[in-house]
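Coordinate analysis (summary)
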Amino acid sequence: MELLRTPRLLLRHWEESDLPAFYDLYSRDDVMRWLGSHPRRTLATLEEARERLDRWHARERDLDPPLGLWAIVPLVPGTPSPPPVGTVPFLPLSDADGPTGLIEVGWHLHPQHQGQGFATEAAGALLAAAATARIGEVLALTDLDNVRSQAVAARLGMSDEGTTDRWFGLTSRQFRKVTPQSRSGL
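Because the structure is predicted, anything quoted here is derived from the model rather than measured.

Here we take up the overall build of the protein chain. For the protein chain, the count of helices and strands is 6 helices and 9 strands. For 186 residues, the compact-globule formula gives about 16 Å, and the C-alpha radius of gyration of the protein chain, at 16 Å, lands near that figure. Counting over 186 residues, the protein chain shows a buried share of 48%. In the protein chain, once contacts between residues fewer than 6 apart in sequence are set aside, the share between residues at least 24 apart is 60%. By element, 51% of the accessible surface of the protein chain is carried by carbon and sulfur atoms, the whole surface being about 9,500 Å². Averaging the coordinates of the 20 positive side-chain charges in the protein chain and doing the same for the 24 negative ones gives two points 5 Å apart.

With that settled, consider the side chain of R52. Mapping R52 onto the fold places it in helix α3 (residues 46-60). When residues no more than four places from it in sequence are discounted, the contact partners of R52 are F22, Y26, M32 and L43.

Evaluated as defined, the whole model comprises 13 salt bridges. A salt bridge links R5 to E2, with the nearest nitrogen and oxygen atoms 2.9 Å apart. With a closest N to O distance of 2.7 Å, D143 and R40 form a salt bridge. Taken together, the residues D143 in strand β7 (residues 137-143) and R40 in the loop between α2 (29-32) and α3 connect sequence positions 103 residues apart. Looking at D143, the relative accessible area reads 16%, which means it is buried. What makes R40 partly exposed here is its relative accessible area of 21%.

Glancing now at the side chain of T142. Relative to the elements of secondary structure, T142 occurs in strand β7. Since its relative accessible area comes to 5%, T142 is described here as buried. Side chain to side chain, T142 and Q150 meet in a polar contact 3.2 Å long. Those residues within four positions of T142 in sequence are excluded, and the remaining contacts are S149, Q150, S172, R173 and F175.

The subject of this paragraph is the packing of aromatic side chains. Considering all chains together, one arrives at 4 aromatic pairs under this definition. Judged by centre distance (5.1 Å) and plane angle (80°), the ring pair of W14 and F22 falls under edge-to-face. Its relative accessible area of 2% is what places W14 among the buried residues. With relative accessibility at 0%, the residue F22 sits in the buried group. Taken together, a centroid distance of 4.9 Å and an interplanar angle of 55° make the contact between F22 and Y26 tilted. Here F22 pairs with Y26, and both are found in helix α1 (residues 19-26), just 4 residues apart, close to one helical turn. Taken together, the ring pairs connect W14, F22, Y26 and W56 into an aromatic cluster.

Cut-offs applied
- Numbers given to residues run from 1 along each chain, matching the order in which its sequence is written.
- Only residues with pLDDT of 70 or above have their local features reported here, since the model is predicted, and side-chain atom pairs are shown and tallied only from 80 upward, although totals for entire chains, interfaces and linings are computed over all residues.
- To obtain the side-chain values, all non-hydrogen atoms of the structure were included, while hydrogens and water were left out.
- Every helix listed is a DSSP run of H or I at least four residues long, and every strand listed is a run of E at least two residues long, numbered separately from the N terminus.
- A radius of gyration in this sense is built from C-alpha atoms; the matching globule rule multiplies 2.2 Å by the number of residues raised to 0.38.
- Per-residue accessibility, obtained with a 1.4 Å probe over protein chains only, is compared with the maximum for each type, and a residue is labelled buried under 20%, exposed over 50%, and partly exposed between these values.
- Contacts between residues were defined by any pair of non-hydrogen atoms, one from each residue, lying within 4.5 Å.
- Only the protein chains shown count as cover for residues, with accessible areas throughout obtained via the Shrake-Rupley method and a probe of 1.4 Å.
- Only four residue types enter the charge count, namely Lys and Arg as positive and Asp and Glu as negative; His and the chain termini do not.
- By convention, charge coordinates are those of NZ in Lys, CZ in Arg, CG in Asp, or CD in Glu.
- The term salt bridge refers to a side-chain nitrogen of Lys or Arg lying within 4 Å of a carboxyl oxygen of Asp or Glu.
- Here a polar contact is recorded for every N or O atom pair within 3.5 Å, except that within protein the pair must consist of a potential hydrogen donor and a potential acceptor, and residues adjacent in sequence are included only if both atoms are side-chain atoms.
- A pair of Phe, Tyr and Trp rings is counted when the ring centres sit within 6.5 Å of each other, with Trp represented by its six-membered ring. The angle between the planes then sorts it: under 30 degrees is stacked, over 60 is edge-to-face, the rest tilted.

This is the structure in structure tokens:
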């Protein structure tokens, strides 16, 4: 399913045919070192990648767009669609007490595609979609040492709220974006 397009990107669901790109992304230490609970572990096999992608698809079934785990696909004029180069998760957050009503945006990019503005462009498009969907606030949670992701959050106009231990049993830096709809009281 296609969610949206930006000038340079298509955001859509990961597809079965994307499995090699999914595996390539999540089997890399330089991607996985920032993601998930400790110990952080890369995908070891294509079968493990298939199982994770299947779990993602099962999770997305209960989500209404713009919520989801969106593949980032570069748009290259005059060429067939290349494989995805990353993911923009846009998911409901739960803490130790259960669902919070808050949404988290994140970004995972293949190292060959970092530093090109793709994370900022993709996440910015999702923040705009959140405003249209009347999602009032969106958080971004980064590893304390991930200064590149923190810079993306700042470029997105997200407020740095400092460190928190609230999410996923980790200490992370929390950023917040309040959408225009929630400020205007709509």
